[in-house]
Amino acid sequence: MSKEDKQRWNKKYQDNPIPDEPIELVTKFAKLATGSKALDIACGMGRHSKFLASQRFEVDALDVSSVAIDSLQGLENINAKEVDFDHFTLAKNAYDLIVTTYFLHRPHFNQMREALREDGILIFETFIYHLDNERVPSNRAFLLEEGELELAFDDTFDLLHIREFWDEDMQGVKTMKASMVAKKKRGGMSDEDFWA
């Protein structure tokens, strides 16, 4: 990510109120993780990191914004780190839970697979490209295509929840989103294959 990306996100976090409540997908499904090590990718001001820390997870919180990361320093159970996602590699076999919301960096797909331990949980929600979206990132590369999230992960994960839907924010702005909760298969096998 460029210096301009960092400056843009710093300005956004300084100038705009950011929701502090975690999204329902995270609060509902984080408890499925059986271990205690979590990763929050593109954590922003830390709404999900803070929630996970309150649930006894030890959280690695990553973001390009120094403003966001500075706001999380010193919080219990949160290890906040400023990173350039274009050049940062996730640790392998390190996490029981990975959360990423409203951020899309396709090179992370393979890294997330490798970063999760067996039976680890991946929680993912972001925007989908659609001509009727009223406000989303202007760069189509930052938007999923319809069906893309399921196709990207169904080979090595058991999909526990997958949904594409229209959502409306507090200002009435409508956008299409995808949400997924997936469990990493054991040794590349589904639970059914493992017990067969």
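The shown structure was predicted, so the numbers you read here are calculated from the model rather than taken from an experiment.

Draft legend 1. Local environment of the pairing of strand 1 (residues 37–41). Judged by how many residues are buried, strand 1 sits mostly within the fold: 5 of 5 residues are covered. Taken together, strand 1, helix 3 (residues 47–54) and strand 2 (residues 58–63) constitute a β-α-β crossover, and its handedness is right-handed. Here strand 1 pairs with strand 4 (residues 95–101) via 4 bridges, running parallel. The residue bridging Leu 39 from the neighbouring strand is Ile 98, located in strand 4.

Draft legend 2. Focus on empty space enclosed by the protein. If you walk through the whole model with that rule in mind, you get 1 cavity of 30 Å³ or more. In this structure, the largest cavity occupies an estimated 40 Å³ of space. Every residue along the wall of the largest cavity is listed here: Ile 41, Thr 100, Phe 103, Leu 104, His 105, His 108, Phe 109, Met 112 and Phe 124. Counting residues per element, the lining of the largest cavity draws most heavily on helix 5 (residues 108–115), at 3 residues. When grouped by side-chain class, the residues that make up the lining of the largest cavity number 6 nonpolar, 3 polar and no charged.

Draft legend 3. Looking closely at the confidence of the model for the chain. Here the chain averages 88 in pLDDT, while 86% of its residues score no lower than 70. By mean pLDDT, helix 7 (residues 191–195) is the weakest element of the chain at 42, and strand 1 is the strongest at 98. The model gives residues 189–196 a pLDDT under 50, and that stretch makes 10 contacts with residues more than four places away or in other chains.

Draft legend 4. Just unusual backbone geometry, in detail. For Ala 42, which is not a glycine, the phi torsion comes out positive at approximately 55°. With respect to the element layout, Ala 42 can be found in the loop between strand 1 and helix 3. A positive phi angle, near 75°, is found at Arg 56, a position not held by glycine. Within the secondary structure, Arg 56 is located in the loop between helix 3 and strand 2. Among the residues examined, Arg 56 registers a relative accessible area of 70% and is labelled exposed.

Draft legend 5. Local environment of the environment of Tyr 129. As for its placement among the helices and strands, Tyr 129 is situated in the loop between strand 5 (116–127) and helix 6 (148–153). Here the alpha-carbon distance between Tyr 129 and Phe 142, two residues 13 residues apart in the chain, equals 8.8 Å. Contacts of Tyr 129, omitting those with residues within four sequence positions, involve Arg 140, Leu 143, Leu 144, Glu 145 and Glu 146.

The rules we used
Residues numbered from 1 in each chain as written. Predicted model: local features only at pLDDT ≥ 70, side-chain atom pairs only at ≥ 80, totals over all residues. Heavy atoms only, no water. Buried < 20%, exposed > 50% of the residue type's maximum accessible area, 1.4 Å probe, protein only. Helix = DSSP H or I, 4+ residues; strand = E, 2+ residues; numbered from the N terminus. Right-handed = clockwise from strand over helix to strand, strands pointing away. Pairing = 2+ DSSP bridges. 1 Å grid on protein atoms, 1.4 Å probe; cavity = no way out; pocket = protein on both sides within 12 Å on 5 of 7 lines; lining within 4 Å. Points joined across faces, edges and corners; volume = space filled by probe spheres on them. Nonpolar A, V, L, I, M, F, W, Y, C, P; charged D, E, K, R; others polar. pLDDT = per-residue confidence, 0-100. Contact = heavy atoms within 4.5 Å.

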